[in-house]
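Fold and contact review
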Amino acid sequence: MIKDGRLYVQAGAGIVYDSDPDKEWDETMNKGRALFRAVARPPRACEFPRAVACAAAPLAVSIQDKEYRMKLLSALLWSSLLATMAPSAWAQANTIPSQPHLLVKGQGTRTVMPDRFGLQLNIEETDMDADAARRRVQDNVARVLALFKQHKAVDGSVRADNLRIGPATRYEQNRQVFIGTRVSRQLRASFASVKAMQDVLGALKANENVQVSSLAPTYSGEVALRRELKGEAAAKTRESAQGLAKAYGTQLRGLYSISDVAPNFAYGIQAGSWPSSGDLVTPPSPPSPEAPMNSIETTGSRLPESIEAGPITYTENVYAIFLISDGT
């Protein structure tokens, strides 16, 4: 701050358990002098009262020369402006070019039938004897892992989380009452068919201590498929840009940037979103052929739960900016 021809600066140091007050004081003084050294004219010598090391230490220097005052004020204003505006300006400059351009979206979509069927179980015991609860959990884990092996779980899909141990309580007459130590563990596995999963569920004999927490059909080639869809989406961005350029009588000069996240600056488009065909009113399309459906029913619940192994649709979006000629 500059007031009445004097520049005021604040600096401080942090205190930790092994701080040395003299060194912290020197650090505070060095921080304050750094800005003075940025001024062409060196600061006048000042006597600073000794203070607590962690307290902010005000430093002041008289600035009598008008030219230097103006230069310093200008430097401070520019530094403040850059500190507050530069990050967003740089991000925008790196995303949206100032030259004439086209911003286009390409999309790749594929529908596949699942070929993996994931099963997640939660095994839990509560007992005043923590070791007894742990032994029962481990016994059930061993039984379930044997079932996974017997019914040929997909290689590499079996996962057993670490034991989770904590206090168990319940409310009695508005009071929290300790009822023992809760020990739990989660197990996961995938199977190559609905029947294999059904066989596991039939032999599982789920109860309050061994519960099915989730069933999820997946596609084993998801990673490769998504990579392929990104390539298709990228190719469609160029097709779209070429079509737009032709319609407006201009030419593409080259690719400026490409990403799977929509720009969030110009055009009012939020990152990761884009106007979709769902926003438009279109006549209903004819019904597609019914895909084969398989039903999986879990046990151990008051009501049966089922999951339908229907088709899975994967979608990848790519956003690209192409520079275009300005028509001159």
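Just so you know, these numbers come straight off a predicted model, no measurement behind them.

1. A short note on helix 5 (residues 222–247)
- With 26 residues, helix 5 extends 37 Å from end C-alpha to end C-alpha; this agrees with the ideal 38 Å at 1.5 Å per step.
- Those residues of helix 5 that sit buried are Leu225, Leu229, Ala233, Thr237, Ala241 and Ala245.
- On its buried face, helix 5 is in contact with strand 4 (101–112), strand 10 (252–259) and strand 13 (312–324).
- Phi turns positive one or two residues past the end of helix 5, at Gly249, with a value near 70°.

2. Describing the nonpolar core
- Counting 25 residues, the largest nonpolar core has Leu119, Val144, Phe148, Phe191 and Leu204 as the members making the most contacts within it.
- Elements represented by at least two residues in this core include exactly strand 5 (116–127), helix 3 (130–150), strand 8 (175–191), helix 4 (194–204) and strand 9 (210–218).
- In this structure Leu204 touches Leu121, Arg143, Val144, Leu147, Val210 and Val212, once residues within four positions along its chain are discounted.
- Counting seven residues, the second-largest nonpolar core is a separate cluster that includes Val104, Ala241, Phe322 and Ile324.

3. Some words on the pattern of salt bridges
- For the coordinates displayed, the defined rule picks out 14 salt bridges.
- Measuring nitrogen to oxygen at the nearest pair gives 2.4 Å for the salt bridge that ties Glu232 to Arg110. In this pair, Glu232 is assigned in helix 5 and Arg110 in strand 4, connecting sequence segments 122 residues apart.
- A residue is classified by how much of its surface remains accessible, and Glu232, at 27% relative accessible area, is partly exposed.
- A salt bridge links Arg188 to Asp161; its shortest N-O distance comes to 3.2 Å.

4. Examining the confidence of the model for the protein chain
- Residues with a pLDDT of 70 or more make up 65% of the protein chain, whose mean pLDDT is 75.
- By mean pLDDT, strand 11 (residues 295–297) is the weakest element of the protein chain at 43, and strand 5 is the strongest at 95.
- Between residues 85–94, whose pLDDT stays under 50, and residues either more than four places distant or in other chains, the model counts seven contacts.

5. So, the layout of surface pockets
- Roughly 180 Å³ of internal volume is contained in the largest pocket.
- In this structure, the largest pocket is lined by Gly118, Leu119, Gln120, Gly156, Ser157, Arg159, Arg188, Ala189, Ser190, Ser214, Ala216 and Thr218.
- Looking at the lining of the largest pocket, the elements that each hand over two or more residues are strand 5, strand 8 and strand 9.

6. Some points on the packing of helix 3 against helix 4
- Where helix 3 meets helix 4, the closest approach of the two axes is 10 Å, and the angle between their N-to-C directions is 150°. In terms of orientation, helix 3 and helix 4 fall into the roughly antiparallel class. Seen along the crossing, helix 3 lies across helix 4 with a hand that is right-handed. Contact residues: helix 3 offers Arg143, Val144, Leu147 and Phe148, while helix 4 offers Val200, Ala203 and Leu204.
- Within the contact of helix 3 with helix 4, the residues separate by chemical class into six nonpolar, no polar and one charged.

Definitions and limits used
Residues numbered from 1 in each chain as written. Predicted model: local features only at pLDDT ≥ 70, side-chain atom pairs only at ≥ 80, totals over all residues. Heavy atoms only, no water. Helix = DSSP H or I, 4+ residues; strand = E, 2+ residues; numbered from the N terminus. Expected span 1.5 Å × (residues − 1). Buried < 20%, exposed > 50% of the residue type's maximum accessible area, 1.4 Å probe, protein only. Contact = heavy atoms within 4.5 Å. Core = buried A, V, L, I, M, F, W, Y, C linked by side-chain atoms within 4.5 Å. Salt bridge = Lys/Arg side-chain N within 4 Å of Asp/Glu carboxyl O. pLDDT = per-residue confidence, 0-100. 1 Å grid on protein atoms, 1.4 Å probe; cavity = no way out; pocket = protein on both sides within 12 Å on 5 of 7 lines; lining within 4 Å. Points joined across faces, edges and corners; volume = space filled by probe spheres on them. Axes fitted to C-alpha atoms, helices over the stretch in contact; angles between N-to-C directions. Parallel < 35°, antiparallel > 145°, perpendicular 65-115°, else oblique. Left-handed = near helix turned anticlockwise from the far one by under 90°. Nonpolar A, V, L, I, M, F, W, Y, C, P; charged D, E, K, R; others polar.

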